[in-house]
Amino acid sequence: MDEEGTVSSDSTMRRRKPLGWKAMPYILANETLERLASFGLTSNFMVYMVREYHMDQVQAAALINTWSALTNFAPIIGAFISDSCTGKFVTIVLGSISELLGMLVFTLTSLIPTLRPPPCTTDQITGTCVRYSDQQLYVLLSGLFLLSVGTGGIRSCSIPFSLDQFDDSTEEGREGSRSFFSWYYTTHTIVQLISMTLVLYVQNNISWALGFAIPTALNLFALVLLFVGVRFYVFIRPEGSVISGIFKVLVDAYKKRNAQPPSEIEHYRPLLETSSQSNKLVLTDQFRFLNKAVIVMNNDEARNEEWKICTMRQIEDIKSIISIIPIFASSIIGFLAMNQQHTFTVSQALKMDLRFPGSSYLIPPASITVISLLTIGIWLPFYETVLVRHIEYITKQEGGISLLQKVGIGNFFSILTMIISGILERERRDLSRAGVSRSVFWLAPQQVLMGFYEVFTIVGLTEFFNKQVPGNMRSIGNSLLYLGMSFASYLSSATVSTVHSVTARGGRQSWLTDDIDTGKLDYFYYFIAALSTLNLIFFLCCAQRYRYRNM
């Protein structure tokens, strides 16, 4: 039996039948506990560095932003390694071990006093506390690096490995893989809710050591669960370097650019695949210049060099990658609205009445985003269990609506979110200037709308990137979502800096000031809505021209 879970020979491949949802309890349990562990550890990093390492706000924020960028980029590297040599399961295991080691490092920093600066004494509270040493910083950075490496292995392969367990050649398998994305994101949302409430409470009010030890123990249990279910899994063997296959097609198409197209000549050899593959593959008219790579020239036959000859599958694979680039580009701007909900929304909450209605309990400002998580947690199960069947009956389409229709609806919600955010902010600012403090729940409408944006766009893009790339590049496709979020974070920072500097020219008051009561945050929200509208138009043009593959 090979790594694919098959008994193979040169002439036939008898593949172990994917068990679908029978394998999911172990995989979903592993992923849920792993995400609970990682979110529980990372969601309070800012507070930990400021309180325990005595970093100033700017330094801690810079360190976290740099680490976040590395963490979001790491899945692309993990995907290339997985699809080229190690395979998805091995990559997940190695990533889990690395993440577990990173969590152990952080747990040790909270348990061993010499691994962090001493606590501030009474006479240092108003002065300067003892700073961390270089050695203490190196230990902290090593923990962060191990977490990034672990994230690169887990995020890149967790969803693709799950999809390998469904047989897309059957209606049951297609239905299972489609509904998987919704349930996956539902568990993702529940994990975030727990992390932002219970785990943060333990870390802030009981003990950092216990608050870090709990996620570490959960991560270890998640790894054990992954191995418990190994007898149920299907393993797909990696097919070698993905990059070499891409360059092979590009180089061959360029060298044969002056040759006649394959449809006009008899001498080309498309049957380098197995017979079963060739029966399913045809050269499409899309990006026809790449079709010339399949032509077998006389010198190719004489030398019989594999580099000289491209298969139809390789050509169609690279076409699918090129096709999704415009959709990927549109997703970057689409994420801008979501980024603002985690920054300026908190600034708004700080200026509002944080008391929970009917009590004296003060809600943490960042916890207002829990409303969007609750929206996701309620809507997704309702959609999958009740609504989707009725929509399928009307549209006669699996899943009710197509993947790009789902993403387009989400992009519309992002525009609506920014418009409503601007309207609510103007009302809040006017009341605040008049001495009236609105309840923080005044921000609930924009949070609910943002929840619907994530329901449609994030779930839709996750499924799109996983299903519209070649099977041997699925880990890379899955990582495009995180790469887009990484680019969106940089774009958001650049947008904020540009708007701040441009609107402050000529001695005018900037739209984005430290005191949002004196600025014009609502104008900035409208500006993001305008950008999102242009992006929606661009997306619709791309979606209309897109040809679905692997469906």
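Our structure's up above, just so we're on the same page.
What comes next concerns the included structure. Keep in mind that what you see is a predicted model, and the values were worked out from it rather than measured.

1. Focus: the overall build of the protein chain
Within the protein chain, the regular secondary structure consists of 18 helices and 2 strands. Burial status across the protein chain gives 52% buried among its 551 residues. A fraction of 82% describes how many contacts in the protein chain between residues 6 or more apart in sequence connect residues 24 or more apart. Of the roughly 25900 Å² that the protein chain leaves accessible, carbon and sulfur atoms contribute 64%.

2. Structural notes on the packing of aromatic side chains
Scanning the entire structure with this criterion turns up 24 aromatic pairs. With 5.8 Å between their ring centres and 40° between their planes, F89 and F161 make a pair best called tilted. Taken as a pair, F89 in helix α4 (residues 88-111) and F161 in helix α5 (residues 134-163) lie far apart in primary sequence, 72 residues in all. With respect to class, F89 is no different from F161; both count as buried. Centre to centre, the rings of F464 and F465 are 5.7 Å apart; their planes meet at 65°, and the pair counts as edge-to-face. Here F464 and F465 have matching classes, each one buried. Geometry around Y393 places K396 over its ring, the cationic atom sitting 4.4 Å from the centre.

3. Details of empty space enclosed by the protein
In the structure shown here, the tally under the stated rule is 3 cavities of 30 Å³ or more. Approximately 60 Å³ is the volume attributed to the largest cavity. Of all the elements in the fold, those that place two or more residues in the lining of the largest cavity are α1 (24-42), α4 and α5. The biggest single contributor to the lining of the largest cavity is α1, with 4 residues. Broken down by class, the residue content of the lining of the largest cavity amounts to 4 nonpolar, 3 polar and 2 charged.

4. Side note on the environment of V139
Tracing the chain through its elements places V139 in helix α5. Judged by its relative accessible area of 25%, V139 falls in the partly exposed class. Spatially, the C-alpha atoms of V139 and F106 are 8.7 Å apart, while their sequence positions differ by 33 residues. If we skip the residues at most four places from it in the chain, V139 touches V105, T109 and L115.

5. Comments concerning the pattern of salt bridges
Applying the stated rule across the entire model yields 9 salt bridges. Two residues, D353 and R355, come together in a salt bridge whose shortest N-O distance is 3.0 Å.

6. Here's the deal with a nonpolar patch on the surface
On the surface, V90, L94, I97, L101 and L104 cluster together to form a nonpolar patch covering roughly 400 Å² of accessible area. In this structure, I97 sits in helix α4. Note on I97: relative accessible area 38%, which makes it partly exposed.

7. Re the nonpolar core
Core analysis: the biggest nonpolar cluster contains 68 residues, and F180, Y233, F335, F464, F465 and F524 have the highest contact counts within it. Counting contributing residues, this core receives three or more from each of domain 1 (15-122 + 129-240) and domain 3 (322-550). Not counting the four nearest positions on each side in its chain, F335 is found in contact with Y453, I458, L461, L481, G484, M485 and A488. Counting residues in hydrophobic clusters, the runner-up holds 19 residues, among them A37, F45, M49 and F212.

8. A few points about the packing of helix α17 (residues 474-503) against helix α18 (residues 521-545)
Contact geometry for α17 and α18: axes closest at 12 Å, N-to-C directions at 130°. With respect to their mutual orientation, α17 and α18 come out oblique. α17 and α18 meet at a crossing whose hand is right-handed. Contacts from T495, V496 and V499 of α17 reach α18 at F524, F527 and I528. Looking at the contact of α17 with α18 residue by residue, the classes come out as 5 nonpolar, 1 polar and no charged.

9. Re the side chain of S98
With respect to the secondary-structure elements, S98 resides in helix α4. Setting aside chain neighbours within four positions, we find S98 in contact with L146, V149 and G150.

Parameters at a glance
Residues numbered from 1 in each chain as written. Predicted model: local features only at pLDDT ≥ 70, side-chain atom pairs only at ≥ 80, totals over all residues. Heavy atoms only, no water. Helix = DSSP H or I, 4+ residues; strand = E, 2+ residues; numbered from the N terminus. Buried < 20%, exposed > 50% of the residue type's maximum accessible area, 1.4 Å probe, protein only. Contact = heavy atoms within 4.5 Å. Areas by Shrake-Rupley, 256 points an atom, 1.4 Å probe, with all protein chains shown as cover. Phe/Tyr/Trp six-rings, centres within 6.5 Å; stacked < 30°, edge-to-face > 60°. Lys NZ or Arg CZ within 6 Å of the ring centre and 35° of its normal. 1 Å grid on protein atoms, 1.4 Å probe; cavity = no way out; pocket = protein on both sides within 12 Å on 5 of 7 lines; lining within 4 Å. Points joined across faces, edges and corners; volume = space filled by probe spheres on them. Nonpolar A, V, L, I, M, F, W, Y, C, P; charged D, E, K, R; others polar. Salt bridge = Lys/Arg side-chain N within 4 Å of Asp/Glu carboxyl O. Patch = residues over 30% accessible without salt bridge, like charges linked within 9 Å, V, L, I, M, F, W, Y side chains within 5 Å. Core = buried A, V, L, I, M, F, W, Y, C linked by side-chain atoms within 4.5 Å. Domains from an automatic or database assignment. Axes fitted to C-alpha atoms, helices over the stretch in contact; angles between N-to-C directions. Parallel < 35°, antiparallel > 145°, perpendicular 65-115°, else oblique. Left-handed = near helix turned anticlockwise from the far one by under 90°.

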